[in-house]
Amino acid sequence: AQKITQTQPGMFVQEKEAVTLDCTYDTSDPSYGLFWYKQPSSGEMIFLIYQGSYDQQNATEGRYSLNFQKARKSANLVISASQLGDSAMYFCAMRENSGYALNFGKGTSLLVTP
Amino acid sequence: KAGVTQTPRYLIKTRGQQVTLSCSPISGHRSVSWYQQTPGQGLQFLFEYFSETQRNKGNFPGRFSGRQFSNSRSEMNVSTLELGDSALYLCASSVGLAGGHRNEQFFGPGTRLTVL
């Protein structure tokens, strides 16, 4: 069963606007971590932000913030003030405390336009 | 501190051949995990090595194998290549074992393998 679902295959946003990338997950493990990675065309996966299941506050890292709604099992990434260099694939991933591998979603392709 | 490096970056092989990919983790990192990325299946976990021992394995056939050396560098081998093995192979390193939900993994740029 798919553990991570990213329903937006592609998104467009204008430079300087904010954009939200959706991610829902499925787990019965009460302890887990959620990650967002950025993958530019070069291929490297760049870590952006982490949210633990027990964290009380939504994670923030610079222009990235995570809208974590535990009851709805969603962990949406918000990018504020988009820049042209933000154009890339974005992957949501989860690791359960009982597991060892990252489970990735299919990704969302983001294109930032001038 | 240097990041995760992978060599070669690109590789073209023909069906039936074998291939070896290399990954050097960040200095001080002892865990190396390998992932396969294809357009159809997305990112899938292959295996993880820690202290020269395979600790965890994904759902891949025995043609996929790996090893880790005492300096934490890791190699991945695919024997009897098939067309479906064409993919981007990513390795990721972490300080300790990848388990535990907070353990952050740092990825390399990947090796793009094309099987003709």
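Everything that follows concerns the structure shown earlier in this document.
Residues numbered from 1 in each chain as written. Chains lettered and ligands numbered in written order. Predicted model: local features only at pLDDT ≥ 70, side-chain atom pairs only at ≥ 80, totals over all residues. Heavy atoms only, no water.

(A) Structural detail: the packing of aromatic side chains. Tallying each qualifying case throughout the model produces 14 aromatic pairs over all chains. A ring pair is formed by Y35 of chain B and F107 of chain B, whose centres lie 5.7 Å apart and whose planes are at 50 degrees; its orientation type is tilted. One end of the pair, Y35 of chain B, is in strand β4 (residues 31-38); the other, F107 of chain B, is in strand β10 (residues 106-107), and 72 residues separate them in sequence. Exposure class is identical for Y35 of chain B and F107 of chain B. Each is buried. Aromatic side chains F60 of chain B and F64 of chain B sit 5.2 Å apart centroid to centroid with 65 degrees between the ring planes, which places their arrangement in the edge-to-face category. Each of the two residues, F60 of chain B as well as F64 of chain B, counts as buried. Aromatic ring contacts, followed pair by pair, group F35, Y37, F47, Y50, F91 and F104 of chain A together with Y35, F45 and F107 of chain B into a single cluster. Lying across the ring of Y64 of chain A, R63 of chain A places its NZ or CZ 5.7 Å from the centre. (Phe/Tyr/Trp six-rings, centres within 6.5 Å; stacked < 30°, edge-to-face > 60°. Helix = DSSP H or I, 4+ residues; strand = E, 2+ residues; numbered from the N terminus. Buried < 20%, exposed > 50% of the residue type's maximum accessible area, 1.4 Å probe, protein only. Lys NZ or Arg CZ within 6 Å of the ring centre and 35° of its normal.)

(B) The arrangement of the nonpolar core in detail. One finds Y25, W36, I49, L77 and Y90 of chain A to be the most contacted residues of the largest nonpolar core, which totals 24 residues. Looking at this core, the elements with two or more residues in it are β3 (19-21), β5 (32-39), β6 (46-52), β8 (64-69), β9 (74-79), β10 (88-96) and β12 (108-113) of chain A. Of all the elements, β10 of chain A adds the most residues to this core, at four residues. The next biggest cluster of nonpolar side chains, apart from the first, holds 21 residues, and it includes W34, L46, V78 and C91 of chain B. (Core = buried A, V, L, I, M, F, W, Y, C linked by side-chain atoms within 4.5 Å.)

(C) Representation of the pairing of β8 of chain A in the model. Residues and elements named next belong to chain A. Of the two faces of β8, the one holding Y64, L66 and F68 is buried and the one holding S65, N67 and Q69 is not buried anywhere. Here two bridges tie strand β7 (residues 60-61) to β8, and the two strands are oriented antiparallel to one another. Within β8, the residue paired with T60 across the bridge is S65. Linking β7 to β8, which pair antiparallel, is a turn of two residues; within it G62 sits at a positive phi near 65 degrees. (Pairing = 2+ DSSP bridges.)

(D) Local environment of the sheet that holds strand β3 (residues 19-24) of chain B. Residue and element names in this part refer to chain B. Taken in spatial order, the four strands line up as β1-β3-β8-β7 in an open sheet, and their pairing is antiparallel. Single-partner strands in this sheet number two, and they are β1 (5-7) and β7 (64-68). The sheet shows a mean angle of 20 degrees between the axes of neighbouring strands, taken without regard to direction. Pairing geometry for β7 and strand β8 (residues 74-78), over five bridges, is antiparallel. Across the sheet, F64 pairs through a bridge with V78, a residue of β8. (Axes fitted to C-alpha atoms, helices over the stretch in contact; angles between N-to-C directions.)

(E) Main features of the state of the cysteines. Residue and element names in this part refer to chain A. For the structure on display, the rule yields two disulfides over all chains. Paired through a disulfide, C23 and C92 show a sulfur-sulfur distance of 2.0 Å. Across the disulfide from C23 to C92, rotation about the S-S bond amounts to roughly -60 degrees, and the bridge is consequently left-handed. Taken as a pair, C23 in the loop between β3 and β4 (24-25) and C92 in strand β10 lie far apart in primary sequence, 69 residues in all. Residue classification places C23 among the buried residues on the basis of a relative accessible area of 0%. (Disulfide = S-S within 2.5 Å.)

Geometric values such as these leave the question of function open.
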